[in-house]
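# What the coordinates show
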Amino acid sequence: MEIMKKRRKGLPENVIEIRNLGREFRNYKREGGFIESFKNIFNREYRPFIALRDINLDVKKGEIIGLIGPNGAGKSTLIKILSGVLYPSSGTVKVLGFTPWKDRIRYAKHLGVVFGQKSQLWYDLPAIDSFILNKSLYDIPTSSYNKRLKMMIDLLGIKDLMKKPVRSLSLGERMRCEIVQSLLHNPELVFFDEPTIGLDIIAKERMRDFIKEMNEKYGTTFIITTHDMDDIEKLCKRVVIINYGKIIYDGPLKDIRTKIANRKVLDCKFSEENVPPFFMKGCRTISIRPHQRIIELDLSKNNLRKVLDRLMKKYSNSLEDLGIMDPPIEEIIAQIYKK
Amino acid sequence: MNRFRQATGLINMNIKQAITWRFNFLTSLFLYPITLVMYYFLWKSIFAYSGTDIIKGYTFPGMIGYYVIQMVVGMLVWVEVDSHMSNQIRKGKMTQKLLRPLAYLPHNLIGAIGIKSIEVVFYAIPVIILGIFFFKIQVGISAIYFIPIMLFAYILNFMIAFITGMLAFWMTKISGIISIRRTIVGFLAGAFIPLSFFPQSFQTMSSYLPFQYIQYVPINVFLGKYGALAVGKLLLIQAAWILVLYGIYKIVWKIGINRYTGVSQ
């Protein structure tokens, strides 16, 4: 399905171009103990911490990219540099033709950021006041402000919520208002940092539908940082994996599963507490518990159908439940890193 | 980018915010008259004890007049930007302010002016009216000069507090430094005792520093101690100090912001 995008004058094809980006922090070396703390007042030792090393990345207009990696991998540092809040130690970054930290004030008008854990709304006032403030801060013309606000109110259902003080809203309600606030000025590029954290299933679905809608209608480019694999699977065609400050994978999501994580996980539940062990080519029992076995199947060595057949036959009397799952993404990432 | 619209938007927002804190706002209303009463009795006994009508050029009513105006000026010039900044840097909340299409300092300054305008209407004007009718202070036409002098004095105090606030880029907790700032600047600004009570050498030193232009000078402008030409000169000196502090801010900000990592420290 070809997505119809409105051609905007003067915008480069690559929304983001990063070359050889590096960022180092100086961390203070601290031993424990009282004497050490005291010594630290006068004499501090620094240890350099490399948060990002040699990052190269291109993002095209209209992409929805998932940025994943363990905590401390460098995702937030990368997003902050792309937002213009942090300077790099080395390398170049061009976003929408701007250098984020140098052109921050002009660039901010084209960028929207939504934090799952930090609120950008004014806490004691209703969200509508924060929207009105953004209208003047971002210089949004009244007609497009009204049109866009109405559209987002309808899509996210915040008509009554936005008149209540933000502090009285639940997390899901507040997140919906946060999104409106960050996207009112129709930015070309949006960063979502853990957008669905703490939300219930329905709220998550709504959020994902909204992102897809914005992407299709306005060609908005999204970079989503998340630990939620459903977010990734439902939204992102391309995934960038960061670990220890380096990009260790950059490519289509489906390739991760098919090329690299060619496994299935079988969660078997039994009526008996102890069952005889299961041996078959390509199968490895990874967990043993009363009434349960978890078996990992390497699809390159055997086929799912044959394994299921054998399992059913062998445990025909005791097998009560069988779950077939893909291995958790953390495991896949760990695998990718080891390669 | 329409700067004027940004500014009015911010001011409106801050006014709305200030109004929601109604309780806080009403209780402070009582704080000022109590302090005033205390100074009233203090100076009444000082004058009675010394047995003269005039001390260092002030009569007793004149002295009380000084304190009423000092209270108003002190409240108008009060800034909290250094503690806000320290809080935001420590908690990593500065990030969201930096995502807005305006520079951090103007963002804070305009917001603070928004809240200040509420205080002008609800505190300053009632206290001045009270002072005129109850304490019988003399207010001349020179009170008009008060407005630009007060505005510059506020900006000057703001700049000093902002520069203090930037120390939070390097130190984890600057509440001690903020207290020092408030006390020393207040002291040198004439907040506790009129500067004319201090030895001449002290007053000379003070004239080379920006602090007296924050409170002492505005108080005396209000009390009509300067003519038009002198006021013009004072405005120029205030403006010069603001420019100097602006230069310091620009240099320190560049270094400081690079240290800001946006996580709670």
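Residues numbered from 1 in each chain as written. Chains lettered and ligands numbered in written order. Predicted model: local features only at pLDDT ≥ 70, side-chain atom pairs only at ≥ 80, totals over all residues.

### What about the interface of chain B and chain A?
Heads up, the condition is: Note on contacts: residues are paired as contacts if their backbone-placed C-beta atoms lie within 7 Å. Numbering of helices and strands runs from the N terminus; a helix is a DSSP stretch of H or I covering at least four residues, while a strand is a stretch of E covering at least two. Ten residues, namely Ala, Val, Leu, Ile, Met, Phe, Trp, Tyr, Cys and Pro, are considered nonpolar, four, namely Asp, Glu, Lys and Arg, are considered charged, and the remaining ones, Gly among them, are considered polar.
Counting residues at the interface gives 22 residues for chain B, matched by 21 residues for chain A. Those elements giving two or more residues to the side of chain B that touches chain A turn out to be α1 (3–20) and α5 (94–98) of chain B. Top element by residues in the side of chain B that touches chain A is α1(B). It accounts for eight residues. Across the side of chain B that touches chain A, the residue classes break down as seven nonpolar, 11 polar and four charged.

### Thoughts on the environment of B:M13
Mapped onto the elements, B:M13 comes out in helix α1. Taking C-alpha positions, B:M13 is 9.2 Å from B:I115, a pair spaced 102 residues apart along the chain. In this view, B:M13 contacts A:W122, A:D129 and A:L133; residues no more than four positions away in its chain are not counted.

### Structural notes on unusual backbone geometry
Positive phi outside glycine occurs at A:D139, with the angle close to 55°. Inspection of the secondary structure puts A:D139 in the loop between α4 (127–137) and α5 (142–156).

### Quick notes on the domain arrangement of chain A
Inclusion rule: Domain start and stop positions are those given by an automatic or database domain assignment.
Along its sequence, chain A is carved into domain 1 (60–91 + 98–250) and domain 2 (261–338). For domain 1 of chain A versus domain 2 of chain A, the separation of C-alpha centres amounts to 39 Å.

### A word on the sheet that holds strand β9 (residues 246–252) of chain A
All names here are of chain A. This is how it is decided: Note: two strands are recorded as paired if DSSP finds a minimum of 2 bridges between them. The axes used here are C-alpha line fits, helices contributing only the stretch in contact, and every angle between their N-to-C directions lies in the interval 0 to 180 degrees.
Spatial strand order, β5-β6-β7-β3-β8-β9: six strands in an open sheet with mixed pairing. The outermost strands of the open sheet, each flanked by one partner alone, are β5 (111–115) and β9. Along the sheet, successive strands turn relative to each other by an average axial angle of 15°, direction set aside. With five bridges joining them, β5 and strand β6 (residues 189–193) adopt parallel strand pairing. When the bridges of β6 are listed, V113 appears paired with F191. Along the sheet, helix α2 (residues 75–83) contacts β3 (64–68), β5, β6, β7 (221–225) and β8 (238–243); its crossing angle with β6, the most-contacted strand, is approximately 150°.

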